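# Fold and contact review
What follows is each chain in one-letter form.
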Amino acid sequence: KDVHSRFWGVYRRVAEEHDGEFLERHTSEMGIVLVFSGLFSAVSTSFIVAMESNLSPDPSDTTNFCYHV
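A short tour of the structure in this document, coming up. On a predicted model such as this, the values are computed, not experimentally measured, just so you know.

## A word on the overall build of the protein
- In terms of regular secondary structure, the protein is built from 2 helices and 0 strands.
- Computed over its C-alpha atoms, the radius of gyration of the protein comes to 28 Å, more than 25% above the 11 Å expected for a compact globule of 69 residues.
- Dimensions of the protein, computed from C-alpha atoms along their principal axes, come out at roughly 85 × 30 × 5 Å.
- Classification of the 69 residues of the protein by burial places 0% in the buried group.
- Taken together, the 5 basic and 10 acidic charged side chains of the protein have centroids lying 25 Å from each other.

Quick look at the structure:
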């Protein structure tokens, strides 16, 4: 029983060190990802708003579709 408790004690210590490093690394990187996604969203939205007037259907496509149906 002593060997098992020592094993789990070492395992817990190593796991906590690994998890702490993992969380520090990915928490700092998450800020970068959030800033990038916000900028990407803003730029995409501005292009969509600018192109919205050009997004009307071509009348000849509608006529040809109705003709073939």
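Back to the text.
## Considering the packing of aromatic side chains
- Enumeration according to the criterion identifies 4 aromatic pairs in this entry.
- Seen from their ring centres, phenylalanine 7 and tyrosine 11 are 6.3 Å apart, and the 20 degrees between their planes marks the pair as stacked. Of the two residues, phenylalanine 7 and tyrosine 11 both sit in helix H1 (residues 2-51), 4 residues apart, roughly one turn of that helix.
- Taking the relative accessible area as the measure of exposure, tyrosine 11 reaches 48% and is therefore partly exposed.

## Here we look at the pattern of salt bridges
- Scanning the entire structure with this criterion turns up 2 salt bridges.
- In this structure, the salt-bridge partner of glutamate 16 is arginine 12, at a minimum N-O distance of 3.1 Å. Here the residue glutamate 16 and the residue arginine 12 both occupy positions in helix H1, the gap between them amounting to 4 residues, near one helical turn.
- Accessibility expressed as a relative area gives 57% for arginine 12, which makes it exposed.
- Residue glutamate 17 is joined to arginine 13 by a salt bridge in which the shortest nitrogen-to-oxygen separation is 4.0 Å. Residue glutamate 17 and its partner arginine 13 are located together in helix H1, separated by 4 residues, close to a single helical turn.
- For glutamate 17, a relative accessible area of 45% gives the class partly exposed.

## Describing the environment of methionine 51
- Its location among the elements puts methionine 51 in helix H1.
- A relative accessible area of 43% means that methionine 51 is categorised as partly exposed.
- In the structure, methionine 51 is positioned 27 residues away from glutamate 24 in sequence and 41 Å away in space, judged by C-alpha atoms.

Scoring rules and cut-offs
Residues numbered from 1 in each chain as written. Predicted model: local features only at pLDDT ≥ 70, side-chain atom pairs only at ≥ 80, totals over all residues. Heavy atoms only, no water. Helix = DSSP H or I, 4+ residues; strand = E, 2+ residues; numbered from the N terminus. Rg over C-alpha atoms; globule rule 2.2 N^0.38 Å. Buried < 20%, exposed > 50% of the residue type's maximum accessible area, 1.4 Å probe, protein only. Lys, Arg positive; Asp, Glu negative; His and termini not counted. Charge placed at Lys NZ, Arg CZ, Asp CG, Glu CD. Phe/Tyr/Trp six-rings, centres within 6.5 Å; stacked < 30°, edge-to-face > 60°. Salt bridge = Lys/Arg side-chain N within 4 Å of Asp/Glu carboxyl O.

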